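Structure assessment
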Amino acid sequence: MTRRATCQCGQLAIECEGDPVRISVCHCLDCQRRSGSSFAAQARFLIERVTITGEARHWTRFGDEGGQGDMYFCPTCGSNVFYKLPAQPDLVAVAVGAFADPTFPQPDYSVYEGRKHAWVEIVGEGIDRYD
């Protein structure tokens with residue numbers, strides 16, 4: 001199976017072959033800012049199974065625990081499409097919303113739940129949860 005994620009204007013795209021290695025939602029404040037929502041959902045794929053087309057710009061951020069993340073976005077419409085973590089160079093994390101697929105599989109992980117908005121509930125069976 002091949003999945004395609006794009007920015008809003010379609011200029012930046014990423015095609016991912018096979019199933020994601022991990023699907024997660026993150027409630028940390030940085031991911032809330034990155035997504036513009038109360039949490040961010042992302043699917044990680046092996047880098048050798050993705051093809052990126054179009055122009056991307058990136059910005060580097062450092063998380064609460066010091067980890068580095070390189071956020072890639074479209075320079076035309078500003079949509080955040082994917083990110084890379086130098087600590088996991090074999091993976092690319094793609095914003096689940098960029099797939100625009102309501103049938104996308106549920107998350108395996110929900111992290112930073114201590115910062116989760118009180119009105120948010122991540123439902124499903126077998127989800128690992130971390131504060």
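First, a word on what this report is: a plain description of the structure on this page.

About the cut-offs
- Residues numbered from 1 in each chain as written.
- Predicted model: local features only at pLDDT ≥ 70, side-chain atom pairs only at ≥ 80, totals over all residues.
- Heavy atoms only, no water.
- Helix = DSSP H or I, 4+ residues; strand = E, 2+ residues; numbered from the N terminus.
- Contact = heavy atoms within 4.5 Å.
- Lys, Arg positive; Asp, Glu negative; His and termini not counted.
- Charge placed at Lys NZ, Arg CZ, Asp CG, Glu CD.
- Buried < 20%, exposed > 50% of the residue type's maximum accessible area, 1.4 Å probe, protein only.
- Pairing = 2+ DSSP bridges.
- Salt bridge = Lys/Arg side-chain N within 4 Å of Asp/Glu carboxyl O.

1. So, the overall build of the protein
- Scanning the protein from terminus to terminus reveals one helix and 11 strands.
- Once the C-alpha set of the protein is aligned to its principal axes, its extents read approximately 35 × 30 × 25 Å.
- Nonlocal contacts in the protein, meaning residues at least 24 apart in sequence, comprise 52% of its contacts between residues at least 6 apart.
- Taking the average place of the 13 positive charges on the side chains of the protein and the average place of its 17 negative ones, the gap between the two points comes to 5 Å.

2. Description of the pairing of strand β8 (residues 80–84)
- In terms of burial, β8 is a largely internal element, four of the five residues being buried.
- Strand direction decides the pairing type here: strand β7 (residues 68–73) and β8, joined by four bridges, are antiparallel. Its bridge partner being in β8, D70 is matched across the sheet by K84.
- Following β7, the chain reverses through six residues before pairing antiparallel with β8; G78 in that reversal takes a positive phi of roughly 85°.
- Where β8 meets strand β9 (residues 91–95), two bridges bridge the pair, whose relative direction is antiparallel. Within the sheet, the bridge partner assigned to F82 lies in β9 and is V94.
- In this antiparallel pair of consecutive strands, β8 and β9, the connection spans six residues.

3. Topic: the sheet that holds strand β4 (residues 40–46)
- Ordered in space as β6-β7-β8-β9-β4-β3-β10-β11, the eight strands form an open sheet in which the pairing is mixed. Two strands lie at the open edges of the sheet, namely β6 (57–62) and β11 (128–129), each paired on one side alone.
- Note that β4 and β9 share five bridges and pair antiparallel. Paired with F45 across the strands is V92, a residue of β9.

4. Considerations on the pattern of salt bridges
- Per the counting criterion, the structure on display carries five salt bridges.
- The salt bridge involving R4 is made with E15; its shortest N-O contact spans 3.2 Å. Of this pair, R4 sits in strand β1 (residues 2–6) while E15 sits in strand β2 (residues 13–17); the two residues are 11 residues apart in sequence, bridging distant segments of the chain.
- By relative accessible area, R4 is classed as partly exposed at 44%.
- A salt bridge links E113 to R129; its shortest N-O distance comes to 3.0 Å. With a gap of 16 residues between them, E113 in the loop between β10 (109–111) and β11 and R129 in strand β11 connect regions that are remote in the sequence.

Distances and angles like these do not, on their own, reveal function.
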